[in-house]
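Overview (structure and organization)
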Amino acid sequence: MKKYFLATIKTIMLASLAIGLLNTTSFATIQAQESDSPVLNKIKADGKLVLGTSADFPPFEWHLLENGKDTIVGFDVDIAQAIADSLGVELVVEDMNFDSLVAAVKTGRVDMIMAGMNPTEERQKEVDFSDIYHETGFVALVPASKVDEYTEFEQLANLKIGVQKGTAQESFVTEAMTEAAITSMPKNDALIAAMMTNRLDAIIIDQIVAEQFASVNPNIAIANLKVPHEEDGTAIAIAKGNEAFLEEIQAVIAELEESGQLEELFIKNIDLMAGSVE
Ligand code: ARG
C-alpha cells in the first residue's frame, strides 16, 4: 500500500514537472512572437492601431457626415483599416494639423501616418516610409471666375499664393516662387475660404485633391498650366526602427494592389466625395 502511495506521488511529481516544462515552452513561444518592433508590439498589446492624419484632403481623408455623425473617411482610412484588420486590432483615427504629424509618430502619440504624404528626402531623415501606394502631382487651384486668365505658371509668380503648412507644396513654393506673397495655413479648408474672399489668388496643392475640391465647389477650378514639380507618390510613415511593422504594412499594401482592391478603394472614395454636398 505504501509502495503504491509512493508511486502515485512520483507520478504526480513527474506530471507537474512535465506541465512545468510545457508552460516554459509555451512562454518561450509567446516571447518569440514579440517582434523587434516596439510600435508593433504596443499595437498588439493595446489591441489598437492609432492612425495620425490631417482630415482635410479628399479622397485621402476628410470629414463626412454619415447619418448625422461626423466621421473621418477616405482612401487612407480604408487602407489603414485593412492594416488593422490584418493585425487583428481596432483602428483609431486621430485628426491633427498636417505639420504636427511627423513629430506625433516620432514621439509615439500615433503609430503611423497616412495623410497623402510624399516620402520626401527631408522626411526620410525623420521617419521610415512604405512603398508608394499612389502617384500624385501639383496643380494650382484658382477662383473659377479667373481660370481662363491663366495659361502659364510664370503668371503666378507675383501673386498671393496659399499652401498647407508643413507640406511639400510649402517647400516647393518657398524655393520656386520667391517673388510671391506666400501664406501657409494648417488646414486646406481655411485656404479655400481665404481664396473665396480674395485673400489668396491661387493654392498650390496635389492634383487629385484639387479635382475633388473643385468637383464639389463650383467657385474654384484648376488652372490650365503646369506646375514645374516632379510627380511624387504618397506613402505610409512610421517611426524608425520598426522593421517588422513596416513589413506587415508592405504585405497589406502588396495584397491590396495585387487583388485590385487598392484601385477599387481609390475610386470608391472619389465617388463618395464627389457625391457629398458641401
Ligand atoms: N502631398 C503633400 C505632402 O506630402 C501634401 C499632403 C497634405 N495632406 C493632408 N492630409 N492635408 O506634403
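Residues numbered from 1 in each chain as written. Predicted model: local features only at pLDDT ≥ 70, side-chain atom pairs only at ≥ 80, totals over all residues. Heavy atoms only, no water.

1. Some points on unusual backbone geometry
Rules: Note on conventions: DSSP H or I runs of at least 4 residues are helices, E runs of at least 2 residues are strands, and numbering of each starts at the N terminus. When a residue's accessible area, from a 1.4 Å probe over protein chains only, is under 20% of the maximum for its type it is buried; when over 50% it is exposed; and in between it is partly exposed.
The step from Pro58 to Pro59 runs through a cis peptide bond, and the omega angle for that step is 5 degrees. Tracing the backbone shows Pro59 in the loop between strand 2 (56-57) and strand 3 (61-66). One non-glycine residue with positive phi stands out, namely Asn67, at about 50 degrees. Mapped onto the elements, Asn67 comes out in the loop between strand 3 and strand 4 (69-73). On the accessibility criterion, Asn67 (83% relative accessible area) is exposed. The phi torsion at Asn198 lies on the positive side, around 65 degrees, for a residue other than glycine. Along the polypeptide, Asn198 turns up in the loop between helix 7 (188-196) and strand 12 (202-206).

2. Quick word on the packing of helix 2 (residues 38-46) against helix 9 (residues 243-258)
This is how the line gets drawn: Note on geometry: axes are lines fitted to C-alpha atoms, helical ones only across the stretch in contact, with angles between N-to-C directions running from 0 to 180 degrees. With respect to orientation, any angle under 35 degrees is reported as roughly parallel, any angle over 145 as roughly antiparallel, any angle of 65 to 115 as roughly perpendicular, and every other angle as oblique. What makes two residues a contact is simply this: any of their non-hydrogen atoms within 4.5 Å. As a working rule, the residues Ala, Val, Leu, Ile, Met, Phe, Trp, Tyr, Cys and Pro are called nonpolar, Asp, Glu, Lys and Arg charged, and the rest polar, with Gly in that last group.
Where helix 2 contacts helix 9, the axes come no closer than 6 Å and their chain directions differ by 70 degrees. Judged on the interaxial angle alone, helix 9 and helix 2 are roughly perpendicular. When helix 2 is examined against helix 9, the residues Val39, Leu40, Ile43 and Lys44 are found in contact with a partner set consisting of Ala244, Phe245 and Glu248. Residues that form the contact of helix 2 with helix 9 fall into these classes: 5 nonpolar, no polar and 2 charged.

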